Amino acid sequence: MKRAITTGLFLFPFLFLLTSCWSRHELNDISIVVGLGIDKAGESYKITVQTVNPGQVTVKKGGSSNATAVITYEETGMTVPDALSRMSVKAPRYLHYSHLRMVVFGEDMARAGISKPLDFLSRNMDMRTDFYFIVAKQAKASEVLKVLSAMDPIPANNMYTKLETSDKYWSATGSMNLNYLLQELATHGKSPTMTGVEILGNRKIGEKTSNAQYVDPPALLIYSGMAAFKFDRFVGWLNENDTEALNYVQNSVYQTTGYIPCPGAEGNITMQVIRSNTVIHPHLVSGLPEFDVNVRIDQDIADVECKIDLSQAAVVAALKQLSDSKLETLIGESIAKIQRKLGADIYGFGDAFHHKYPKAWHQIKNWNEVFRTIKVRVHVDSTLRRVGTILQPINQITTE
């Protein structure tokens, strides 16, 4: 008994060191924010939040079939947190940001500069860093967050999963989270990019629940190109080819598809890229920076639409030459176009040069001006791994 009392007295002070849920929020007291839109409204910010309507996300028994799974609120303020605080007179519950999936910048907001709104997003302790950034193409962020989809009742989740899938299997998009964006903004010699989202179809119908009841919805959100930034300001759009070239150069292609003309025959051959690796080699030639971009890819044949003999080594060699030449031209022409039109080093050539030649780098006053004139040589080395479950094309083995 004496021993038990001694042990209890010894452990009692440690009870004060135990943590508790002092900052907890009950589910029935919060509104879960899944999407955040930031638009420019004169000198102020127009903020749109997309919150989950829990009664419509769960199993609908007795619920209204006409109610949406999300509710959006809009408010204007001189700063982002000012607008969100003013939103408390509209939103019936505390706005909770730990499940935020998408942040959408309106094109006007992106053009004005995103560093000020980013300060709030990086400083807020309730937010995680795994949400994605996109830019509304020729639209307001508020309009994007109001378009309903059939596949996922929560539009922000639909945009998130669609971007993840597209980034993995198609090289014409790219995901950008908070940590990566802050890193690129702080890196000298690398300008950030964000995937663009476009509203295809009737925007007014897209806001109604009936939009999700069509096989072919009247309004649809599609990812379209990428927005290029110089420092924190939007300067122009990349098309599909430019985005694909960018992803190859910055070594962010996981899988993608391309096609080449059949050698010596009519039709195309579709190549499935299954692996890609890119290395940028900076050089200092006569005091000027030059770069070699070495791209190595492994690919499979996905489709053959012409009569060729894939068992011949000469045919395989011709396919490699065509594939290498097409990708070299695609990347080289895209880089020259971005140098000439935008003057923003979205590829990271300056960062690579900085790491290899720090002394020469510190002598450069304006890298974006130097970037316009640098020489870039692109070298592609492709390897054909597999031709599929059949060797010869179907139209080669069928009788006429």
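A. Expanded view of unusual backbone geometry. With a phi angle near 50 degrees, glutamine 138 is a residue other than glycine that sits in the positive phi range. Tracing the backbone through its elements, the reader meets glutamine 138 in the loop between strand S6 (132–136) and helix H6 (141–144). On the basis of relative accessible area, glutamine 138 is assigned to the exposed category, the value being 62%. Of note in this structure, phenylalanine 231 is not a glycine but carries a positive phi near 60 degrees. Classification of phenylalanine 231 by relative accessible area gives exposed; the value is 59%.

B. The state of the cysteines, seen in detail. This model, assessed by the stated rule, comprises one disulfide. With its sulfur 1.9 Å from that of its partner, cysteine 262 forms a disulfide with cysteine 306. Between cysteine 262 and cysteine 306, the disulfide has an S-S torsion of -95 degrees and is therefore left-handed. Here cysteine 262 is found in the loop between strand S10 (256–261) and strand S11 (268–285), whereas its partner cysteine 306 is found in the loop between strand S12 (288–304) and helix H11 (313–341), with 44 residues between them in sequence. Accessibility assignment for this pair places cysteine 262 and cysteine 306 in one class, buried.

C. Focus on the packing of aromatic side chains. The tally for this structure, following the rule as stated, stands at 14 aromatic pairs. Ring centres 6.4 Å apart and planes at 75 degrees place the aromatic pair phenylalanine 291 and tryptophan 367 in the edge-to-face group. Within this pair, whereas phenylalanine 291 is found in strand S12, its partner tryptophan 367 is found in helix H14 (residues 367–371), the two being separated by 76 residues in sequence. You'll find phenylalanine 291 and tryptophan 367 in the same group, each marked buried. Taking the centre distance of 5.5 Å and the plane angle of 50 degrees together, the rings of tryptophan 361 and tryptophan 367 count as tilted. Side by side, tryptophan 361 and tryptophan 367 carry an identical accessibility label, which is buried. Here the aromatic cluster, defined as three or more aromatic residues joined through ring pairs, consists of Phe291, Tyr347, Phe349, Phe353, Tyr357, Trp361, Trp367 and Phe371. Its end group placed over the ring of tyrosine 45, lysine 40 keeps NZ or CZ at 4.6 Å from the ring centre.

D. Structural context of the nonpolar core. Judged by nonpolar contacts, the single largest core of 34 residues is most densely connected at Ile47 and Phe133. Ignoring anything within four residues of it in the chain, the contact list for isoleucine 47 reads Leu36, Gly37, Ile38, Tyr73, Glu74, Glu75, Val80, Ala83, Leu84 and Met87. Counting residues in hydrophobic clusters, the runner-up holds 31 residues, among them Ala228, Val253, Ala344 and Trp361.

E. Quick look at the layout of surface pockets. Approximately 350 Å³ is the volume attributed to the largest pocket. Contributing to the lining of the largest pocket are 19 residues, with Glu244, Thr257, Gly258, Tyr259 and Lys326 lying nearest its centre. At the level of elements, helix H10 (240–249), S10, S11, S12 and H11 are the ones that each hand at least two residues to the lining of the largest pocket. With five residues, S10 is the largest single contributor of residues to the lining of the largest pocket. Classifying every residue of the lining of the largest pocket by side-chain character gives nine nonpolar, seven polar and three charged. Contributing to the lining of the second largest pocket are 17 residues, with Thr187, His188, Gly189, Phe231 and Asn368 lying nearest its centre. Looking at the lining of the second largest pocket, the elements that each hand over two or more residues are helix H8 (178–186) and H14. For the lining of the second largest pocket, the element with the most residues is H8, which contributes three residues. In terms of residue class, the lining of the second largest pocket is built from seven nonpolar, six polar and four charged.

What counts, and where the lines are drawn
- Residues numbered from 1 in each chain as written.
- Predicted model: local features only at pLDDT ≥ 70, side-chain atom pairs only at ≥ 80, totals over all residues.
- Heavy atoms only, no water.
- Helix = DSSP H or I, 4+ residues; strand = E, 2+ residues; numbered from the N terminus.
- Buried < 20%, exposed > 50% of the residue type's maximum accessible area, 1.4 Å probe, protein only.
- Disulfide = S-S within 2.5 Å.
- Phe/Tyr/Trp six-rings, centres within 6.5 Å; stacked < 30°, edge-to-face > 60°.
- Lys NZ or Arg CZ within 6 Å of the ring centre and 35° of its normal.
- Core = buried A, V, L, I, M, F, W, Y, C linked by side-chain atoms within 4.5 Å.
- Contact = heavy atoms within 4.5 Å.
- 1 Å grid on protein atoms, 1.4 Å probe; cavity = no way out; pocket = protein on both sides within 12 Å on 5 of 7 lines; lining within 4 Å.
- Points joined across faces, edges and corners; volume = space filled by probe spheres on them.
- Nonpolar A, V, L, I, M, F, W, Y, C, P; charged D, E, K, R; others polar.

That's the geometry; what it means functionally is another story.
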